[in-house]
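The lines below spell out each chain.
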Amino acid sequence: MTSDGGFEGARVRLVRTFNTGIDHLFACFADPVLVARWWGPRSMHCPHAENDFRVGGRYRFEMQDDDTASRIAVIGEYLEIDRPHRIVCTWQWEGTPDEVTRLALVFNARGPRATVLELTHDRFPSTDRAGAHEQGWESSLDGLAAVLAA
Amino acid sequence: MLPGPTPVDRAFAALAHPVRRAIVDRLLDAGELTVGAIAAPYDMTNPTISRHLKILEKAALIERTVVGRTHHCRVSEAGIDAVAAWIRRHETFWRGQFDALERYLEDEARTHDE
């Protein structure tokens, strides 16, 4: 289930306020030098981060376990960039080419040292397109039904 | 390994539509509903509702039993569990990432104050 409850989202959605300005928080995701300083949950660190930060550019961030030294990398492509408000990219654990998902980060300034970050991670890069396609098909079916009923 | 969508892919594709998500939510609440009860709140034709239910069935998110002429639908535990597991795993990962980012920002702020 999502943190919102139920399947209203069918996606991961997190919202948190960070105690820093919007430009700095955005840079924490955009600048690989900064990414490498914090990327990785507790017990992991980031030995290498690189990216080509433009639409169509790619990124690769590594994580290494402090104890076992096992490594995993995440890779992807930037789909939308609107500095310092929005980053949308694909997300793929290196070595799993079938599982490309979509990550969206939206930054909202709340003060010189407060920024709200909304993260949405869903299963399909083309979720919106799938929804739009479905709605188009439905109105065709309804139109057909109306004609047949007449 | 065959090419093409995996079961979890199909489940998420099915849940990409707000009406289908709402149907699944209502079935999770109600346990079981007839097709008539599912269709009731919507200003939608029968073929359209049928199509939504077929997509959910093919994605192994709901199961249907027929009693006489009435179709009863309920959630398929296995299908729902696969989706929930993906969401849970990634939610845990991102919470950990946010915690790490917070720690980094706190350390940085402390260093600047010194």
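Residues numbered from 1 in each chain as written. Chains lettered and ligands numbered in written order. Predicted model: local features only at pLDDT ≥ 70, side-chain atom pairs only at ≥ 80, totals over all residues. Heavy atoms only, no water.

A. The arrangement of the overall build of chain B in detail. The number of helices and strands found in chain B is five helices and three strands. Each helix and strand of chain B, ordered N terminal to C terminal, gives the series α-α-β-α-α-β-β-α. C-alpha atoms of chain B, sized along the principal axes, occupy 75 × 40 × 20 Å. Out of the 114 residues in chain B, the part that is buried amounts to 42%. For chain B, contacts bridging at least 24 residues in sequence account for 49% of all contacts bridging at least 6. Split by element, the accessible area of chain B, about 6,100 Å² in all, is 54% carbon and sulfur. (Helix = DSSP H or I, 4+ residues; strand = E, 2+ residues; numbered from the N terminus. Buried < 20%, exposed > 50% of the residue type's maximum accessible area, 1.4 Å probe, protein only. Contact = heavy atoms within 4.5 Å. Areas by Shrake-Rupley, 256 points an atom, 1.4 Å probe, with all protein chains shown as cover.)

B. Broad picture of the overall build of chain A. When helices and strands are counted, chain A shows three helices and eight strands. Taken from N to C terminus, the helices and strands of chain A fall in the order β-α-α-β-β-β-β-β-β-β-α. Going through the 150 residues of chain A one by one, you find that 43% of them count as buried. Sequence separation of at least 24 residues holds for 35% of the intrachain contacts in chain A that already meet a minimum separation of 6.

C. Inspection of the sheet that holds strand S3 (residues 70-75) of chain B at higher detail. Residue and element names in this part refer to chain B. Taken together, three strands build an open sheet; the order of strands is S1-S3-S2 and the sheet is antiparallel. Only two strands of the sheet have a single neighbouring strand rather than two, namely strand S1 (32-34) and strand S2 (62-67). On average, adjacent strands in this sheet sit at an angle of 30° to one another, irrespective of strand direction. Packing against the sheet, helix H4 (residues 46-58) makes contact with S2 and S3, and its axis sits at approximately 120° to S2. (Pairing = 2+ DSSP bridges. Axes fitted to C-alpha atoms, helices over the stretch in contact; angles between N-to-C directions.)

D. Structural view of the packing of aromatic side chains. Summed over all chains, the structure comprises 18 aromatic pairs over all chains. Measuring from centroid to centroid gives 5.1 Å for Phe-29 of chain A and Trp-38 of chain A, while their planes differ by 70°, and the two rings are edge-to-face. Given a relative accessible area of 4%, Trp-38 of chain A falls into the buried group. The interplanar angle of 55° and the centroid separation of 4.9 Å between the aromatic rings of Trp-91 of chain A and Trp-94 of chain B together place this pair among those described as tilted. (Phe/Tyr/Trp six-rings, centres within 6.5 Å; stacked < 30°, edge-to-face > 60°.)

E. Empty space enclosed by the protein, seen in detail. Residues and elements named next belong to chain A. Tallied over the entire structure, the rule returns one cavity of 30 Å³ or more. Put simply, the largest cavity is a space of about 90 Å³. Elements supplying a minimum of two residues to the lining of the largest cavity: strand S4 (58-65), strand S6 (86-93) and strand S7 (101-111). A total of three residues in the lining of the largest cavity trace back to one element, the largest contributor, which is S6. Per-class residue counts for the lining of the largest cavity are eleven nonpolar, no polar and no charged. (1 Å grid on protein atoms, 1.4 Å probe; cavity = no way out; pocket = protein on both sides within 12 Å on 5 of 7 lines; lining within 4 Å. Points joined across faces, edges and corners; volume = space filled by probe spheres on them. Nonpolar A, V, L, I, M, F, W, Y, C, P; charged D, E, K, R; others polar.)

F. Quick peek at the environment of Ile-72 of chain A. Residues and elements named next belong to chain A. Relative to the helices and strands, Ile-72 is located in strand S5 (residues 71-82). Ile-72 sits in the partly exposed class, given a relative accessible area of 34%. On a C-alpha basis, the gap between Ile-72 and Glu-94 in space is 7.1 Å, while along the polypeptide they are 22 residues apart. Non-local contacts of Ile-72, meaning those with residues more than four positions away in its chain, are made with Met-44, Phe-61, Glu-62, Met-63 and Trp-93.

G. Molecular detail of the confidence of the model for chain A. The share of residues in chain A with pLDDT of 70 or more is 76%, and the mean pLDDT across the chain is 84. Across residues 1-5 of chain A, where pLDDT falls below 50, the model places 17 contacts with residues more than four positions away in sequence or in other chains. (pLDDT = per-residue confidence, 0-100.)

H. The packing of helix H1 (residues 7-15) of chain B against helix H5 (residues 77-113) of chain B, seen in detail. Residue and element names in this part refer to chain B. Here H1 crosses H5 at 90°, and the two axes come no closer than 9 Å. Classified by the angle between their axes, H1 and H5 sit roughly perpendicular to one another. Each of Val-8, Ala-11, Phe-12 and Leu-15 in H1 lies in contact with H5, whose residues at this interface are Ala-82, Val-83, Trp-86 and Ile-87. (Parallel < 35°, antiparallel > 145°, perpendicular 65-115°, else oblique.)

I. Region of interest: H1 of chain B. Of the residues making up H1 of chain B, those classed as buried are Asp-9, Ala-11, Phe-12, Ala-14 and Leu-15 of chain B. Buried residues belonging to H1 of chain B abut helix H2 (18-30), H4 and H5 of chain B.

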